[in-house]
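The chain contents come next:
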Amino acid sequence: MKKSVSKLLKNENAQQFARFCIVGVIAAGIHYLVYCLMQMIHDGSLWLSIAYTIGYIVSLVCNFFMTTYFTFRSKVTVGKAAGFSGSHLINYTLHIVLFNLFICLGVHRLITPILVLMIAVPTNFTILHFVYRKK
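As a starting point, this report considers the structure included with it. In this text the structure is predicted, and so the values were computed from the model without any measurement.

**Considering the nonpolar core**
Here comes step 1: Membership of the largest hydrophobic core is limited to 12 residues, which are Val34, Tyr35, Met38, Trp47, Leu48, Ala51, Tyr52, Ile96, Leu98, Phe99, Phe102 and Val116.
Here comes step 2: Broken down by secondary-structure element, the contributors of at least two residues to this core are α2 (12–41), α3 (45–71) and α4 (78–104).
Here comes step 3: Look past the residues within four positions of Ala51 in its chain and what remains in contact with it is Tyr35, Met38 and Gln39.
Here comes step 4: Core analysis: the second largest hydrophobic core is formed by 7 residues, Phe72, Phe84, Leu128 and Tyr132 among them.

See the structure below:
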């Protein structure tokens, strides 16, 4: 058992996934914080989607640099920025559809982003894994 754990800790894919989770928690925290701060400015159903989007954009910029330098230990390139942006366009679409679906179902506006992240994060990791591993 000890040998299995040691092997897992040395596995680059496992380390990469752990770094992805750390970056994801930080990016999700930034997204949620901006979203909550925007709630203090204004309240309304259309505003919820706008506030969610603003939080997503701020988080996206931070996430790109953390993902590039920390998660995948890579350099910023135009190709990676394009791949990251493309994956996040898909990710944002998933986010906003789920966000509005949960709001329509009556889920509280402060709980909804957490539920969205539980679905979107694994999806996004899978997409980004291919973007950064492309030779």
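Now that the structure has been shown, the text picks up again.
**Focus: the pattern of salt bridges**
Here comes step 1: Under the counting rule described, the total for this entry stands at 1 salt bridge.
Here comes step 2: In this structure, Glu12 engages Arg19 in a salt bridge whose closest nitrogen and oxygen atoms are separated by 3.0 Å.
Here comes step 3: On the basis of relative accessible area, Glu12 is assigned to the partly exposed category, the value being 37%.
Here comes step 4: For Arg19, a relative accessible area of 5% gives the class buried.

Quick notes on the rules
- Residues numbered from 1 in each chain as written.
- Predicted model: local features only at pLDDT ≥ 70, side-chain atom pairs only at ≥ 80, totals over all residues.
- Heavy atoms only, no water.
- Core = buried A, V, L, I, M, F, W, Y, C linked by side-chain atoms within 4.5 Å.
- Buried < 20%, exposed > 50% of the residue type's maximum accessible area, 1.4 Å probe, protein only.
- Helix = DSSP H or I, 4+ residues; strand = E, 2+ residues; numbered from the N terminus.
- Contact = heavy atoms within 4.5 Å.
- Salt bridge = Lys/Arg side-chain N within 4 Å of Asp/Glu carboxyl O.

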